Amino acid sequence: MNIGFIASGSRKDLIENFCVAYKYILAKHDLYATEMTGRRIEQATNLKVHKFLSGTVGGEKQFIDMIQRDQMDLVIYFYNPIKSSPNEPDIIEITRECDRYCIPIATNMATAEAMVLGLEEGSLDFRLTIRKEN
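Here the structure is a predicted model, which is why all the values come from computation and not from measurement.

Basis of the calculations
- Residues numbered from 1 in each chain as written.
- Predicted model: local features only at pLDDT ≥ 70, side-chain atom pairs only at ≥ 80, totals over all residues.
- Heavy atoms only, no water.
- Phe/Tyr/Trp six-rings, centres within 6.5 Å; stacked < 30°, edge-to-face > 60°.
- Helix = DSSP H or I, 4+ residues; strand = E, 2+ residues; numbered from the N terminus.
- Buried < 20%, exposed > 50% of the residue type's maximum accessible area, 1.4 Å probe, protein only.
- Pairing = 2+ DSSP bridges.
- Contact = heavy atoms within 4.5 Å.
- Axes fitted to C-alpha atoms, helices over the stretch in contact; angles between N-to-C directions.
- Salt bridge = Lys/Arg side-chain N within 4 Å of Asp/Glu carboxyl O.

Engineer: Would you mind going over the packing of aromatic side chains in detail, with residue names and values included?
Structural biologist: Taken as a whole and judged by the stated rule, the model has five aromatic pairs. Between F18 and F78, the aromatic rings sit 6.1 Å apart at their centres with planes inclined by 80 degrees, giving edge-to-face as the arrangement. With F18 in helix α1 (residues 12-21) and F78 in strand β4 (residues 74-78), the pair connects residues that are 60 residues apart, well separated along the chain. You'll find F18 and F78 in the same group, each marked buried. Relative to F52, the ring of Y32 lies with its centre 6.0 Å away and its plane at 25 degrees, an arrangement referred to as stacked. Of this pair, Y32 sits in strand β2 (residues 30-33) while F52 sits in the loop between β3 (49-51) and α4 (59-68); the two residues are 20 residues apart in sequence, bridging distant segments of the chain. With a relative accessible area of 15%, F52 lands in the buried category. Through a chain of ring-to-ring contacts, the aromatic side chains of F18, Y22 and F78 assemble into a single cluster.

Engineer: Account for the pairing of β4, naming residues and giving values.
Structural biologist: Counting buried positions along β4 yields five of five residues, so the element is predominantly enclosed. The sheet contact formed by β4 and strand β5 (residues 105-106) spans two bridges and is parallel. Within the sheet, the bridge partner assigned to V75 lies in β5 and is I105.

Engineer: Tell me about the sheet that holds strand β1 (residues 2-7), and please be specific about residues and values.
Structural biologist: Taken together, the five strands give an open sheet; going across it, the order is β3-β2-β1-β4-β5, and neighbouring strands pair in parallel fashion. Edge strands, defined here as strands with exactly one partner in the open sheet, are β3 and β5. In terms of strand pairing, β1 meets β4 through five bridges, oriented parallel. Looking across to β4, one finds that I6 is bridged to Y77. Seen against the sheet, α4 touches β1, β2 and β4 and runs at an angle of roughly 150 degrees to β1. Sheet strands in contact with helix α6 (residues 109-121) are β1, β4 and β5, and its direction is about 160 degrees off that of β4.

Engineer: Mind laying out the pattern of salt bridges, listing which residues take part and the relevant values?
Structural biologist: By the definition in use, this model includes ten salt bridges. Put simply, E35 and R39 hold a salt bridge, and the shortest N to O gap is 2.4 Å. Taken together, the residues E35 and R39, both in helix α3 (residues 35-45) and four residues apart, mark about one turn of the helix. The exposure class assigned to R39 is partly exposed, which follows from its relative accessible area of 33%. Members of the salt-bridge network, linked through shared partners, are D13, E16 and R40.

As structure tokens, then:
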């Protein structure tokens, strides 16, 4: 499955730690991320990550394009809900497109853990069927 990662500046440590903790599950899948997030995941885990441009220069748009082509199966997007962000429109658009294409999205650690553990036990295999139909 194709798993996408995005993390705003203050959440990069969190997503890095998350990927280290679940490296054994993530290693079985294709990982995608915006440039800096992808680099940090690769350095922390030694996993291969397909990297888009940096989020601020078009990476989030590339991410959205992959979602709209129904080529993403799971998205983990850690952002700081307390701080106002110039990327807020992208956060809303990514969430909206994930809902439109029935792609699970996690925006916090609890949901991300549930989704990755569900991925391991096969609970998200419905995405393979949906993608084949499209």
